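# Residue-level structure breakdown
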Amino acid sequence: MRTLRLGLARWMVGTAIPAVFRRVNAITAWVVRSRLHFLLLGSVLVVRCEGQRTGRTYLVPVTCRPANGGALHAMTSARALWWRNIASGAPATVYYRGREREARIEIVRGVDDPSEVERALASRGVVARSLVALPASETVLLRVWLL
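Everything numeric here is computed off the predicted structure, so don't read it as measured data.

Within the structure shown, the criterion is met by zero aromatic pairs. It is Arg 33 that lies over the ring of Tyr 95; its NZ or CZ is 5.6 Å from the centre. The ring of Trp 145 has Arg 104 lying over it, and the distance from NZ or CZ to the ring centre is 4.5 Å.

Here is the structure:
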C-alpha cells in the first residue's frame, strides 16, 4: 500500500501537476493578451522569453504589483527555471493589460527586506502568499519598467 501511495505521489508531482499548470498558464497568458484582460484587474504580467538552449519562445504569466518609481514588481521562486532565460537589464517583451509592451527587466536575487517582498507581491493568491515565507536565498524579484 505504501508503494502504491509513493507511486501515485510521484506521478502527481511529475506528470499531473505540471500538465495542469501548463494549461492554466496558457489560459492566463491568453486572457492577459486579449480584450478580457480586465478580468485579472491588471495584477498579471506575461513575460515573453526565449529559451537559451532550445530557442523556443515561452509566455510566462506572473503576478505583479505596481511599485515606487513606475516599476512593476513580480516575484518567483529561485527554483523556477524560466527567469534564467532573461538577461537582467536587457530589453524584453511583456504583455500587460491587453497590450504588447517593450520593457526592461532587472532581476534581483535574494531579497532580504521582507517589506519589499510583501510590496512586490499582490495580496491575492496562495502562491504569492507562500513566496513570502520562502527564505531570501530562494526568491527572485523582477523589477519591470515598461518603455
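There is more to say after this.
Our next topic: the nonpolar core. Within the largest apolar cluster, 21 residues are counted, with the highest numbers of intra-cluster contacts made by Leu 45, Val 47, Trp 82, Ile 86 and Ile 105. Filtering out sequence-adjacent residues up to four positions away, Ile 105 remains in contact with Val 47, Ile 86, Ala 87, Ser 88, Gly 89, Ala 90, Ala 92, Val 94, Leu 142, Arg 143 and Val 144. Counting residues in each nonpolar core, the second largest holds five residues, with Val 32, Val 44, Val 46 and Tyr 95 among its members.

Turning next to the side chain of Arg 143. Considering the arrangement of structural elements, one finds Arg 143 in strand S6 (residues 139–146). Accessibility expressed as a relative area gives 19% for Arg 143, which makes it buried. Here His 73 takes part through its side chain, which lies 3.4 Å from a polar atom of the side chain of Arg 143.

With that settled, the discussion passes to the side chain of Thr 93. Secondary-structure assignment places Thr 93 in strand S4 (residues 91–96). If we skip the residues at most four places from it in the chain, Thr 93 touches Val 46, Val 47, Arg 48, Glu 100, Arg 101 and Glu 102.

Quick look at the pattern of salt bridges now. Taken as a whole, this structure holds two salt bridges when the rule is applied. Between Arg 48 and Glu 100 there is a salt bridge, and its shortest N-O distance comes to 3.5 Å. Residue Arg 48 is found in strand S1 (residues 44–50), and its partner Glu 100 is found in strand S5 (residues 99–109); the two are separated by 52 residues along the sequence. On the basis of relative accessible area, Arg 48 is assigned to the partly exposed category, the value being 35%. The shortest N-O distance in the salt bridge between Glu 106 and Arg 143 comes to 3.5 Å. One end of the pair, Glu 106, is in strand S5; the other, Arg 143, is in strand S6, with 37 residues separating them in the sequence.

A few words on unusual backbone geometry. The backbone of Arg 97 sits at a positive phi, close to 55°, despite the residue not being glycine. Its place among the elements puts Arg 97 in the loop between S4 and S5.

A large share of S6 lies buried, amounting to six of its eight residues. In this structure, strand S3 (residues 72–77) lies alongside S6, joined through six bridges in antiparallel fashion. Note that in S6 the partner of Ser 77 across the bridge is Thr 139. Across seven bridges, S5 lies against S6 in antiparallel orientation. The partner of Ala 103 across the bridge, within S6, is Leu 146.

Calculation criteria
- Residues numbered from 1 in each chain as written.
- Predicted model: local features only at pLDDT ≥ 70, side-chain atom pairs only at ≥ 80, totals over all residues.
- Heavy atoms only, no water.
- Phe/Tyr/Trp six-rings, centres within 6.5 Å; stacked < 30°, edge-to-face > 60°.
- Lys NZ or Arg CZ within 6 Å of the ring centre and 35° of its normal.
- Core = buried A, V, L, I, M, F, W, Y, C linked by side-chain atoms within 4.5 Å.
- Buried < 20%, exposed > 50% of the residue type's maximum accessible area, 1.4 Å probe, protein only.
- Contact = heavy atoms within 4.5 Å.
- Helix = DSSP H or I, 4+ residues; strand = E, 2+ residues; numbered from the N terminus.
- Polar contact = N/O pair within 3.5 Å; in protein donor to acceptor, adjacent residues only side chain to side chain.
- Salt bridge = Lys/Arg side-chain N within 4 Å of Asp/Glu carboxyl O.
- Pairing = 2+ DSSP bridges.

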